[in-house]
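# A look at the structure
Okay, here's what each chain looks like letter by letter:
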Amino acid sequence: MPRAIRGVLIECDPSIKSIIVQIDAEDHAYIVEELDDQTLVVKENMLTSLKMKLDEKLKATQIPVEESDLD
Amino acid sequence: MSVSTSASFEYLERLPGVTFRRLYQQPSTALAIFRRMLPHLAKTFVMALLYMTKPLPLTDLDSWVHPNSKRERDQALSLLSRLHIVTITAPSRDDPQTVSLTKNFGSSLRLALTGGGEHQSFGVPSHDVLANLDTSYLDDYARDQWEGILHYVVASVAENRGLGSQGPTASVKKLLEAGKLVTTGRHSGGGITQAGFSFLLQEVNAQVWTMLLLWIENAEHMDFDSVEVLSFLFMLGSLELGRAYSTSTLSESQRRMLTYLVDFGLVYVPPSASTQFYPTRLATTLTSDATALRSVSAGFEAALTAASGSKGFIIIETNYRLYAYTNSPLQIAVLALFTKLGTRYPNMVSGRITRESVARAISHGITSDQIISYLGTHAHPQLVKTSSANGNPVLPPTVVDQIRLWQIENERMKATPGFLFRDFENLKEYEACVRYADEIGVLTWKSDAKRMFFVTRHEQLRDYIKSRKTK
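Residues numbered from 1 in each chain as written. Chains lettered and ligands numbered in written order. Predicted model: local features only at pLDDT ≥ 70, side-chain atom pairs only at ≥ 80, totals over all residues. Heavy atoms only, no water.

Spelled out, the test is: UniProt positions are given in the numbering used here, feature names are shortened, and annotations may be inferred rather than shown by experiment.
The name given to chain B in an unreviewed UniProt entry is RNA polymerase II transcription factor B subunit 2, and the organism recorded there is Mollisia scopiformis. UniProt, in the comment section headed Subcellular location (unreviewed entry), describes chain B in these words: "Nucleus".

An unreviewed UniProt entry lists chain A under the name General transcription and DNA repair factor IIH subunit TFB5, with Mollisia scopiformis as the source organism. UniProt's Subcellular location (unreviewed entry) comment on chain A is quoted here verbatim: "Nucleus". Database annotation for chain A, UniProt heading Subunit (unreviewed entry): "Component of the 7-subunit TFIIH core complex."

## What to know about the interface of chain B and chain A
Worth spelling out the cut-off: Contacts between residues were defined by any pair of non-hydrogen atoms, one from each residue, lying within 4.5 Å. Buried area: the accessible area, evaluated with a 1.4 Å probe, that two parts lose upon being put together, summed over both parts. Whenever two N or O atoms come within 3.5 Å, that pair is a polar contact, provided that in protein one can donate a hydrogen and the other can accept it, and provided that, for residues adjacent in sequence, both atoms are side-chain atoms. Here a helix means four or more residues in a row that DSSP labels H or I, a strand means two or more in a row labelled E, and each is numbered from the N terminus. When residues are sorted by character, Ala, Val, Leu, Ile, Met, Phe, Trp, Tyr, Cys and Pro go into the nonpolar class, Asp, Glu, Lys and Arg into the charged class, and all the rest, Gly among them, into the polar class.
The interface is formed by 28 residues belonging to chain B together with 34 residues belonging to chain A. Taking both partners together, chain B and chain A bury about 2,800 Å²; carbon and sulfur atoms supply 55% of that area. It is B:R412, B:M413 and B:W445 that lose the most area in chain B upon contact with chain A, and together they represent 25% of the buried surface on that side. The interface formed by chain B and chain A includes 10 residue pairs in polar contact (both at pLDDT 80 or more). If you list the elements that add at least two residues to the side of chain B that touches chain A, you get α17 (355-363), β13 (413-422), β14 (443-447), β15 (452-455) and α22 (459-470) of chain B. Here the element with the most residues in the side of chain B that touches chain A is β13(B); it accounts for 10 residues. The residue inventory of the side of chain B that touches chain A, partitioned by class, reads 11 nonpolar, 4 polar and 13 charged.

## Focus: the packing of helix α11 (residues 204-219) of chain B against helix α13 (residues 252-264) of chain B
Residues and elements named next belong to chain B. Stated formally: To get an axis, a line is fitted to the C-alpha atoms, and for a helix only the part in contact is used. The angle between two axes follows their N-to-C directions and goes from 0 to 180 degrees. Just so you know how the angles are binned, under 35 degrees is roughly parallel, over 145 roughly antiparallel, 65 to 115 roughly perpendicular, and the rest oblique. Take the far helix as the reference: if the near one is turned anticlockwise from it by less than a right angle, the crossing is left-handed, and if turned clockwise, right-handed.
For the pair α11 and α13, interaxial distance at closest approach is 12 Å and the crossing angle is 150°. Relative to α13, the element α11 is oriented roughly antiparallel. The element α11 and its partner α13 pack so that their crossing is right-handed. When α11 is examined against α13, the residues M211, L212 and W215 are found in contact with a partner set consisting of M257, Y260, L261 and F264. Considered class by class, the residues forming the contact of α11 with α13 number 7 nonpolar, no polar and no charged.

## Focus on the sheet that holds strand β11 (residues 340-345) of chain B
All names here are of chain B. Rule in force here: A pair of strands is considered paired only if DSSP assigns at least 2 bridges between the two.
Within the open sheet, the 4 strands sit side by side as β9-β10-β12-β11. Their pairing is antiparallel. The open sheet terminates on both sides in strands that have one partner only, identified here as β9 (314-316) and β11. Averaged over all pairs of adjacent strands, the angle between strand axes in this sheet comes to 20°, irrespective of strand direction. As defined by bridge partners, strand β10 (residues 321-324) adjoins strand β12 (residues 348-352) across 4 bridges and the pair is classed as antiparallel.

## What to know about α13(B)
In plain terms, the rule: Here the term buried applies to any residue with accessible area under 20% of the maximum for its type, exposed to any over 50%, and partly exposed to those in between, with areas from a 1.4 Å probe on protein chains only.
Taken residue by residue, α13(B) has B:S253, B:Q254, B:M257, B:L258, B:L261, B:V262, B:D263 and B:F264 as its buried positions. Just beyond α13(B), the residue with positive phi is B:G265, at close to 85°.

## A word on the sheet that holds strand β1 (residues 56-57) of chain B
Residue and element names in this part refer to chain B. Pairing in this open sheet of 3 strands is antiparallel, and the strands run β1-β3-β2 from one edge to the other. Here the strands that pair on one side only, and so sit at the sheet edges, are β1 and β2 (86-88). As paired strands, β1 and strand β3 (residues 98-101) are joined by 2 bridges and run antiparallel to one another. By the bridge assignment, P57 is partnered in β3 with T98.

## Here's the deal with the environment of B:F424
With respect to the element layout, B:F424 can be found in the loop between β13 and α21 (427-439). A residue is classified by how much of its surface remains accessible, and B:F424, at 8% relative accessible area, is buried. With 27 residues separating them along the chain, B:F424 and B:R451 place their C-alpha atoms 6.7 Å apart. Every residue in contact with B:F424, bar those within four places of it in the chain, is listed here: A:P2, B:E429, B:Y430, B:C433, B:R451 and B:F453.

## Observations concerning the confidence of the model for chain A
To keep it simple, the criterion reads: As a per-residue quantity, pLDDT reports the predictor's confidence and falls between 0 and 100.
Averaged over every residue, the pLDDT of chain A is 82; the share at 70 or more is 86%. The secondary-structure element of chain A with the lowest mean pLDDT is helix α2 (residues 47-61) of chain A, recorded at 83, while strand β3 (residues 39-42) of chain A shows the highest, at 90.

## Digging into helix α1 (residues 14-25) of chain A
Residue and element names in this part refer to chain A. Worth spelling out the cut-off: Any helix carries an expected span of 1.5 Å times its number of residues minus one. When we speak of the arc, we mean the arc of directions from the helix axis to the C-beta atoms.
Counted at 1.5 Å a residue, the expected span for α1 with its 12 residues is 16 Å, and the 16 Å between its end C-alpha atoms agrees. Residues I16, K17, I19, I20, I23 and D24 constitute the buried set of α1. Burial along α1 is one-sided: seen end-on, the buried residues are contained in an arc of 160°.

## Looking at the pairing of strand β2 (residues 31-34) of chain A
Of the pairings in the sheet, the one linking β2(A) to β3(A) comprises 3 bridges and is antiparallel in character. Bridging across to β3(A), A:E34 finds its partner in A:L40.

## Some thoughts on the nonpolar core
Operational definition: By nonpolar core is meant a set of buried Ala, Val, Leu, Ile, Met, Phe, Trp, Tyr and Cys residues that side-chain atoms within 4.5 Å join together.
Core analysis: the biggest nonpolar cluster contains 117 residues, and B:L83, B:I85, B:W146, B:M211, B:L261, B:F264 and B:L375 have the highest contact counts within it. With 10 residues, α11(B) is the single largest residue contributor to this core. Residues A:A29, A:L40, A:V42 and A:L58 belong to the second largest nonpolar core, which totals 17 residues.

## Some points on the pattern of salt bridges
Note that side chains of opposite charge can pair when their charged atoms are close. All names here are of chain B. Here is the rule we go by: By salt bridge we mean one thing: a side-chain nitrogen of Lys or Arg within 4 Å of a carboxyl oxygen of Asp or Glu.
Per the counting criterion, the structure on display carries 16 salt bridges over all chains. Across the salt bridge formed by K70 and D74, the nearest N and O atoms sit 4.0 Å from each other. Linking K70 with D74, this pair stays in helix α6 (residues 70-82), spanning 4 residues, or about one helical turn. Assessed through its relative accessible area of 39%, K70 is described here as partly exposed. Overall, the relative accessible area of 9% leaves D74 in the buried class. R71 serves as the salt-bridge partner of D438, at 2.8 Å between the closest nitrogen and oxygen. Here D438 is found in helix α21, whereas its partner R71 is found in helix α6, with 367 residues between them in sequence. Judged by relative accessible area, D438 falls into the partly exposed class, the value being 30%. Salt bridges sharing common partners tie together D62, K70, R73, D74 and E439.

## Here we look at the side chain of B:D263
The residue B:D263 is located in helix α13 in this model. Sequence-distant contacts of B:D263, defined by excluding residues within four places in its chain, comprise B:Q145, B:I149, B:T169, B:S171 and B:V172.

Given below as structure tokens:
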């Protein structure tokens, strides 16, 4: 008998996926199923928390681009 | 399909079958659902079934559809049954599956199309008409009411709160808060919310539906009957602009509802004759079908902008500089949502669209397409003139592309809520289920190697799997 599991399908770049896996590695609170390089299923109620953590991680890795202000 | 349609769809699909049966007692409701909510193929099915006395075997219906369009056929049928317009008998060994219109829907639609009956479902025109009420007066009235609401939403970001007008009534303010379009709390920036931002940038018709759906959800707590409320709204959509209608045929709760609709500017009740009401353009365009809607709402937009001076007011250059010839606090506040404004002159503001300002807008839930379409619809006539003379698009392509790129930069992942199906016993079962999910249009992802797939809704698929088991 097939099973149906509720969740949120995430489609993203492999690099982003690896960061998500890294976030999940701490306490395995997010991922339901890893599907392939660019897709995975996460728990529905954890989506916002995951997005916030991902933003934090990305902010640490990125250097903000200087905007030249000509006004 | 417009935003408003999908929003009202989702609401309707959540209603129980009993509600539908009562809703469809009104011919105006049946007609409104038919013309506004259904794709063409579904309309064709309904029309064909309309005067059929006996249920039609599903196999006969299949013969009307081109074999390559099986997917469209399944989507149309699934929508029709979700809206309780058709009933399809459960598959069994003895009898073939048949399809028929639900009784109430069929008889109401027949009444609506061919006339007859004493249902008074399309409103009863009142004969002693007040002379001074022409459509332009009603448009002005609707615009004032609606802009008052928008002003209130924006005013929570704009610096000067008092803008001359007294703003919407207390009940509207409460509704905006309940719908989380604005917050009164001082914390978290206070004022407008993410939902409020995207509300502002929607077209008028979508805004009206958003407000109405909010109201309906709240009305259930106020002892309103959702069937009466909905059928009244669908009736409003079939009324004629600039005509007086009598309130005497309305039910008690519908009359109570009228006062709220006056607050929104959907109807006008003359102070001298409170037994009459005039639907405004906001109300009469509620359930127009998609194409009519576009032109009518364009007409309304034109009416909206006519009073505030010029139609388009935004000039945007290839170097992302933006000049807006306006002094309306509403328009400036909307621009400030996604532009870095620099200088303000008496009749003009100037600024730039920057990566930062777009990123901020996107973090508020505004999409790049919304920004682009806002810029496009409000482009200054000069911009339109020069671009059409040279055969170029109205907005500089560099700017449009860059705004899209800025959005993609911030969208690291695409999330779709739904259900993962796995653990299929054999390949045949998996393949049949995937094909079925694809045909009813719910499949978002599949992996043949892992025998798993992901769908957005599971109810029909569950029934399908069960029916396979019984075979």
